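Residue-level structure breakdown
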Amino acid sequence: MSRVLVSTLLLTVLLSPYANAGRIPPMTMTPLISPGYEAEDKDERGMWQLFNRLEEDIANSNLVVRDPELTAYVGGVMQQLLGEMAADFRVYIVRNPDFNASMAPNGMMIVHTGLLARIKNEAQLAAVLGHEAGHYFRRHSVQRWRSMKTRTAIMSVIALGGAAASGGSGNSNWYDLANAINSGILLSIFKYSRSHEQEADAYGLRLLAEAEYAPHQAAAVWGQLISERMASAEARNKRYRDRSRSAMSTHPPTESRMTDLRLSANDLDEMMLGGSGGRAGVRTWRAGIASVGSSLLEEQVRLNDSGASIHLINSLADGGWTSDLYYYLGEAYSLRGDEGDSELAAQAYADAVQFAEPIPEAYRAYGYAQIKAGYTEDGHQALARYLELRPDAPDAAMTRFTIGQ
Ligand SMILES: [Zn+2]
């Protein structure tokens, strides 16, 4: 190799912020703390106290989803993934349509509903939970806390939130307010460095494979997110840009992150699963989130990002169409309102009511679409069925009026 070429390559490696970062072999990731760990030195205790206070607010937040079936399901996945160590974690599902999850040093984990809405199987949920647990086991927060700059930033964010709450309406706590104003300030509390993200990815993969979940599902989560964002950008006539590639980002760029996850998943599959690929758990996932599934779709569709919503729904339907998926597809078309969309919506509603136990709202949407198309009798029948299933619906009186009851 010529000297010019070698130095060009070397320069490329040095200038590229990621090429020299290297992939972390998952099996080198071991916990830095043991079960039942409590903060040790004064520094760390101070940090825990702060996060305990934050957790109190979060636990009492109006945004926390308190669904016993979902809670039990997520707890069960944590148990399979972490065994006895699962007892050191509290997982809060928070209503927020963004794709995100956070890990605090005291064992508080936050998972957004927007993340659950984008997951297709249990292995993908386990991948996210395992990644977050990785931050905890590797004590990434403590390392951040040792830096005075970071500490000051976290304290000021929390103080700011506290001030906002005490000046606010009183019945919501600062966490709710901060979420309503700008969830970005909250995210800054839980931000980790790029190398910490790489460690957490590697750790999560190891946990995934040890629990015999499909390790390739970790990269699949990112792949899904990228194609959804591309669909969203395309619908808005914009070119997709991987924003995480900016120098400001603390997350490794999704493309290189996916490549690392894939390569490590190959290794783990061969080493630990005999090349079987592990289990994805599509049915257990669908059963596990059945109690909240439609509210996850509702939240997404109401964002009125039709490109993302339509893409997401079609992608979720890879695992089989359901009444909910058809109904919300119809809602996404209705909200978009382009030429031909009301016909597409009407078709989706018609598909939604074909199921044995359709989502009740599908009867309402189908009924109105039929009336609009001139099939009054059929439309009235559907609306009557909607009223039977939802006699206390907010629009029940209006619906009764429409059908002349
Ligand atoms: Zn992370």
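Heads up: the structure comes first, above all this text.
Residues numbered from 1 in each chain as written. Predicted model: local features only at pLDDT ≥ 70, side-chain atom pairs only at ≥ 80, totals over all residues. Heavy atoms only, no water.

The next subject is a nonpolar patch on the surface. Where nonpolar side chains cluster on the molecular surface, the patch consists of Met27, Met271 and Met272 and spans about 270 Å² of accessible area. By the element assignment, methionine 27 lies in the loop between helix H1 (3-15) and helix H2 (42-59). Look at methionine 27 and you get partly exposed, because its relative accessible area is 33%. (Patch = residues over 30% accessible without salt bridge, like charges linked within 9 Å, V, L, I, M, F, W, Y side chains within 5 Å. Areas by Shrake-Rupley, 256 points an atom, 1.4 Å probe, with all protein chains shown as cover. Salt bridge = Lys/Arg side-chain N within 4 Å of Asp/Glu carboxyl O. Helix = DSSP H or I, 4+ residues; strand = E, 2+ residues; numbered from the N terminus. Buried < 20%, exposed > 50% of the residue type's maximum accessible area, 1.4 Å probe, protein only.)

Okay, the coordination of the zinc ion next. Here the zinc ion is held by His131 (NE2), His135 (NE2), Glu197 (OE) and Glu197 (OE), and the distances to it run 2.1 to 2.7 Å. The site at the zinc ion holds 4 donor atoms, and with the angles between them running 52 to 136°, its shape is irregular. (Donors = N, O, S within 2.8 Å, 3.2 Å for Na, K, Ca; no water. Tetrahedral: all angles 85-135°; square planar, octahedral: opposite > 155°, others 65-115°.)

Moving on, we get to the packing of aromatic side chains. Under the counting rule described, the total for this entry stands at 11 aromatic pairs. Taking 6.2 Å as the distance between ring centres and 50° as the angle between the ring planes, the aromatic pair formed by tyrosine 73 and tryptophan 285 counts as tilted. Remark: tryptophan 285 occurs in helix H13 (residues 282-288) and tyrosine 73 occurs in helix H3 (residues 68-82); sequence separation between them is 212 residues. Residues phenylalanine 89 and phenylalanine 137 carry aromatic rings whose centres are separated by 5.6 Å and whose planes lie at 75° to one another, so their mutual orientation is edge-to-face. (Phe/Tyr/Trp six-rings, centres within 6.5 Å; stacked < 30°, edge-to-face > 60°.)

Moving on, we come to the environment of glutamate 197. Looking at the secondary structure, you find glutamate 197 in helix H10 (residues 194-210). Residue classification places glutamate 197 among the buried positions, given a relative accessible area of 3%. Sequence separation of glutamate 197 and glycine 134 is 63 residues, and the distance between their C-alpha atoms is 9.0 Å. A polar contact is formed between the side chain of glutamate 197 and the side chain of histidine 131, at a distance of 2.9 Å. (Polar contact = N/O pair within 3.5 Å; in protein donor to acceptor, adjacent residues only side chain to side chain.)

As summarised here, the arrangement of the 3 strands in space is S1-S3-S2, forming an open sheet in which the pairing is mixed. Two strands lie at the open edges of the sheet, namely strand S1 (90-94) and strand S2 (101-103), each paired on one side alone. On average, each strand axis in the sheet is inclined to that of its neighbour by 15°, with strand direction left out of account. In this structure, S2 lies alongside strand S3 (residues 108-112), joined through 3 bridges in antiparallel fashion. (Pairing = 2+ DSSP bridges. Axes fitted to C-alpha atoms, helices over the stretch in contact; angles between N-to-C directions.)

This part covers the pattern of salt bridges. Enumeration according to the criterion identifies 17 salt bridges in this entry. The partner of glutamate 210 in a salt bridge is arginine 206, and the shortest N-O contact between them spans 2.8 Å. Of this pair, glutamate 210 and arginine 206 both sit in helix H10, 4 residues apart, which is roughly one turn of that helix. You can call glutamate 210 partly exposed: its relative accessible area is 40%. Across the salt bridge formed by glutamate 361 and arginine 390, the nearest N and O atoms sit 2.8 Å from each other. Taken together, the positions of glutamate 361 in helix H18 (residues 360-372) and arginine 390 in the loop between helix H19 (376-389) and helix H20 (396-403) put the pair 29 residues apart, joining distant regions of the chain.

Now for the side chain of glutamate 55. Its place among the elements puts glutamate 55 in helix H2. A residue is classified by how much of its surface remains accessible, and glutamate 55, at 9% relative accessible area, is buried. With near-sequence residues (within four places) excluded, glutamate 55 lies in contact with Arg90, Tyr92, Asn106 and Met108. (Contact = heavy atoms within 4.5 Å.)

Now for the nonpolar core. Within the largest apolar cluster, 74 residues are counted, with the highest numbers of intra-cluster contacts made by Leu81, Leu82, Phe89, Met108, Leu125, Leu129 and Phe137. Counting residues per element, this core draws most heavily on helix H5 (residues 122-137), at 9 residues. Those residues in contact with phenylalanine 137 that sit more than four places away from it in its chain are Pro31, Leu32, Ile33, Leu82, Met85, Phe89 and Tyr203. Of all hydrophobic cores here, the second largest spans 33 residues; its members include Leu325, Ala350, Ala369 and Ala393. (Core = buried A, V, L, I, M, F, W, Y, C linked by side-chain atoms within 4.5 Å.)

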